[in-house]
Amino acid sequence: MSRSFNRRTFLAGTAAGGATAAFRIAAPAVAQNAPFKIGLLTVKTGPLAQGGNQMEQGIATFLKQKNNTLAGRKVELVVADTGGNPAGAKTKAQEVIERDGVNVILGPLAAYELLAITDYVRERETPLISLAAAEDVTQRHVNPFVTRPSATSAQCCHVMGDYALKELKVQRAATIADDQAFGQEEVGGFLRVFEDGGGKVVKKLWPPLNAPDYTPYIAQIHDVDFCFNGLAGSNPVKFMRAYADLGVKAKVPLLAGWTAMDDALLKSVGEEAVGVISAAWYSADFDTPSNKSFVADLQKDYGVLPGGYSAGMYIAGQCVEAALAKLGDKGDDRKALAEALHGVSLTDTPRGTFHFDHFGNVVGTVFIRKCEKKDGKLTNTVIKTYPNVSQFWTYDEKAFLAQPVYGRDEPPAKNLEQ
Amino acid sequence: MSLWLTLAVNSITLGGLLFLLSAGFSLIFGLMRIPNLMHGSFFMLGAYLGVTFLAAGLNFFLAALASAAAMAVIGGVIERLLLRRLAGQELAQVLLTLGFSFIIADICLMVWTGDPIQPATPSGLQGAVQVFSIYFPLYRLVIVAIAVAIAVGLWLMIDWTRLGAMIRAGVDDAPIARVVGIKVSQLFTLIFCLGAALAAFAGVMGAPILSAYPGLDADMLPLALIVVILGGTGSLLGALVGSFVIGFLYNFGQVMFPDLAYVILFLPMVLVLVLRPQGLFGRVAP
């Protein structure tokens, strides 16, 4: 066992019967040359642990498929639990860089975690492949060491705004999202495209992250064509049940960002999710060879359907492999690795074809899905795909960056009604 | 108009759930003076046990009772083996119960993974009923009825039974109660089991609304604290009134003062602590 083997992986492993992934991912390093070290910043405790566990499953599945060897080099995975907060993310980033000396970091999960460590990884010149969506890390405060093969917070929501206007032909919207960076940026992106196209957001609701009951918010959703929901974690589960129970779902259809209707979350929701339309950068039923093997292997090992969290880390693993293949024996040069990562362009990934823009953010497919019940099981069926979606949507890059970053009141909503 | 009516009805239903949550906390703190920071964990573990029993095919209410019984045993063991040794040492009690809350959270994460689990609303209680001019989920109204039934039951027990008289004596003055032959020690275990069982029962009742997920413990504990500080420790009436005050405050506050969403629940607590530290219905300690 490597020394990445910490108390938590030990506990998790023993509890699950002794032979689970926590054991398999640690690659004993007996080769002559030192292994290439991947540090995974994930969340294994607290409310975000659900997504965090999936992140670990994603990269573990990838490394198992590759027999812990990427581009001919042995790979060792170091897993660190940030606890899902900025201070924890900073501590663990220091730990994996200073103590474990990792070559590349995958993660973290939450936008505010990424914001807490972006300056640090830049200073320590360690490449980072992010799952977290914080917009500015690939926009106004570009970090040359960060690449993001998942999406910015608003990348899918831009698409959702466009889809709502042009395909659903609806005009009046309410939005509800967690009152934190990710939710605010999601709603900001949705609002910009929707209102630029002539739609109106008449109500914006911001429940606290730990709201015990969504009823007071749901009671305010009326006289609109639909409601866009940018909730994350376990919150969409609570929200959608109350939304249906209060009879609002029958009157006001629900649209969602990727976290609110992630494929991995479907087993936690019931009838109330049927009919919800979501925009996501990954869909478990997408037909590529690598997605098929990814879904099959993850289901075999963990018995669950993968969602964006696990797919994001699987794809991050593919990026590392592609960059290492390009660098040959220069894989230990962290600067060269960061540059090589920026140049990665892949065709067979679980999310399809993608490449990075010059800010290190993905340009790739966004799926519009509708939740349906098939053979008694919920599935998100892809109803439209938007290829090559950039983080700037169709806007001019310079004009986009001249605007402030998306936030609670940014862009300002001009059509709010009391 | 329907907005305000929905809020009012929901305030009452949320109050019912809060009472189920905080009654046990109030009992334990009132009698034993133990600030039980595991209370949210009991709620969460109860919810997880409940959904497991449900998955095993048990009827919803049987699952809730089974979960409560299991939690009573767990609570009893913790009280007998650990808390007992720390009588009167508040700091040690806080650290022990806080430590256990982390342990329970980690165990739940291992056993039930991080995925939220939301049981279906029990059959027969699904759907909505008409309340005045609005439609409201039937299940939430059932929770109020159960909360009221439990409040009445607890009140009858405490005010009208011999056991209740002993509990009251213990709350008022434990040393003197011992002198007159009341087995305060057994009483402590009983109350701790009862408090834990109530929390677990509340967890299962709340699960179709709140779902069971990692972090549920930390979300619920502050609510129990607010209710009990507002209502007064050791007072069931206080817990009942406090629950409904918080229910109304939460619902109307979130709509009328959305920018104060984070503090709206804590403001009345601060006011009470400054103006009436013993809480609305608490008695001044002799």
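Rules of the game
Residues numbered from 1 in each chain as written. Chains lettered and ligands numbered in written order. Predicted model: local features only at pLDDT ≥ 70, side-chain atom pairs only at ≥ 80, totals over all residues. Axes fitted to C-alpha atoms, helices over the stretch in contact; angles between N-to-C directions. Helix = DSSP H or I, 4+ residues; strand = E, 2+ residues; numbered from the N terminus. Parallel < 35°, antiparallel > 145°, perpendicular 65-115°, else oblique. Left-handed = near helix turned anticlockwise from the far one by under 90°. Contact = placed C-beta atoms within 7 Å. Nonpolar A, V, L, I, M, F, W, Y, C, P; charged D, E, K, R; others polar. Expected span 1.5 Å × (residues − 1). Buried ≥ 20, exposed ≤ 12 C-beta atoms within 10 Å, placed from the backbone. Arc of directions from axis to C-beta. pLDDT = per-residue confidence, 0-100. Pairing = 2+ DSSP bridges. Right-handed = clockwise from strand over helix to strand, strands pointing away.

So, the packing of helix α2 (residues 39-55) of chain B against helix α4 (residues 90-112) of chain B
What describes two packed helices is the angle between their axes and the distance between those same axes.
All names here are of chain B.
Link 1 in the chain: Closest axis-to-axis distance for the α2/α4 pair is 9 Å, and the angle between their directions is 20°. What the angle tells us is that α2 and α4 run roughly parallel. For the crossing formed where α2 meets α4, the hand is left-handed. Note on element contacts: α4 touches α2 through F100, S101, I104, A105, C108 and W112, opposite G40, S41, M44, L45 and Y48.
Link 2 in the chain: Of the residues contributing to the contact of α2 with α4, the split by class is 8 nonpolar, 3 polar and no charged.

Remarks on helix α7 (residues 181-196) of chain A
All names here are of chain A.
Link 1 in the chain: Its 16 residues give α7 an end-to-end C-alpha distance of 22 Å, which sits within 8% of 22 Å, the value for a rise of 1.5 Å per residue.
Link 2 in the chain: Buried residues dominate α7, accounting for 14 of its 16 residues.
Link 3 in the chain: Positive phi appears at G198, one or two residues downstream of α7, with a value of about 105°.

Section: the interface of chain B and chain A
Link 1 in the chain: Across the boundary between the two partners, chain B contributes 33 residues, which contact 31 residues of chain A.
Link 2 in the chain: Among the elements of the structure, α1 (2-32), α4, β2 (134-137), α8 (184-210), α9 (216-231) and α10 (236-256) of chain B are those that each provide at least two residues to the side of chain B that touches chain A.
Link 3 in the chain: It is α1(B) that contributes the most residues to the side of chain B that touches chain A, 5 residues altogether.
Link 4 in the chain: Each residue belonging to the side of chain B that touches chain A can be placed in one class, and the counts come to 21 nonpolar, 9 polar and 3 charged.

Details of helix α4 (residues 86-99) of chain A
Each α-helix turn comprises 3.6 residues. Residues three or four places apart therefore point the same way.
Residue and element names in this part refer to chain A.
Link 1 in the chain: Given a rise of 1.5 Å per residue, 14 residues ought to cover 20 Å, and the 19 Å separating the end C-alpha atoms of α4 matches this to within 8%.
Link 2 in the chain: Considered for burial, the residues of α4 that qualify are G88, A89, K92, A93, V96 and I97. All buried residues of α4 fall inside an arc of 150° around its axis, so they share one side. The exposed set on the far side of α4, more than 90 degrees from its buried face, consists of A87, E98 and R99.
Link 3 in the chain: Considering only its buried residues, α4 is in contact with β1 (36-42), β3 (73-81), β4 (104-106) and α5 (111-123).
Link 4 in the chain: Downstream of α4 by one or two residues, G101 has phi in the positive range, about 60°.

Concerning the confidence of the model for chain B
Link 1 in the chain: Across chain B, the average pLDDT comes to 91, with 98% of residues at or above 70.
Link 2 in the chain: Both scores are given for the predicted complex: the pTM is 0.89, the ipTM 0.89.

Let's talk about the sheet that holds strand β6 (residues 146-147) of chain A
Residue and element names in this part refer to chain A.
Link 1 in the chain: On the basis of which strands lie adjacent, the open sheet formed by 6 strands has the order β2-β3-β1-β4-β5-β6 and mixed pairing. Here the strands that pair on one side only, and so sit at the sheet edges, are β2 (69-70) and β6.
Link 2 in the chain: Both β4 and strand β5 (residues 128-129) contribute to a ladder of 2 bridges, which runs parallel. What sits directly across from L106, in β5, is I129.

Looking at the pairing of strand β9 (residues 226-230) of chain A
Every regular strand shows the same layout, with side chains that alternate between the two sheet faces.
Residue and element names in this part refer to chain A.
Link 1 in the chain: Burial within β9 is extensive, with 4 of its 5 residues counted as buried.
Link 2 in the chain: Pairing geometry for β9 and strand β10 (residues 254-256), over 3 bridges, is parallel. Bridging across to β10, N229 finds its partner in A256.
Link 3 in the chain: Note on the crossover from β9 through helix α9 (residues 235-245) to β10: the handedness is right-handed.

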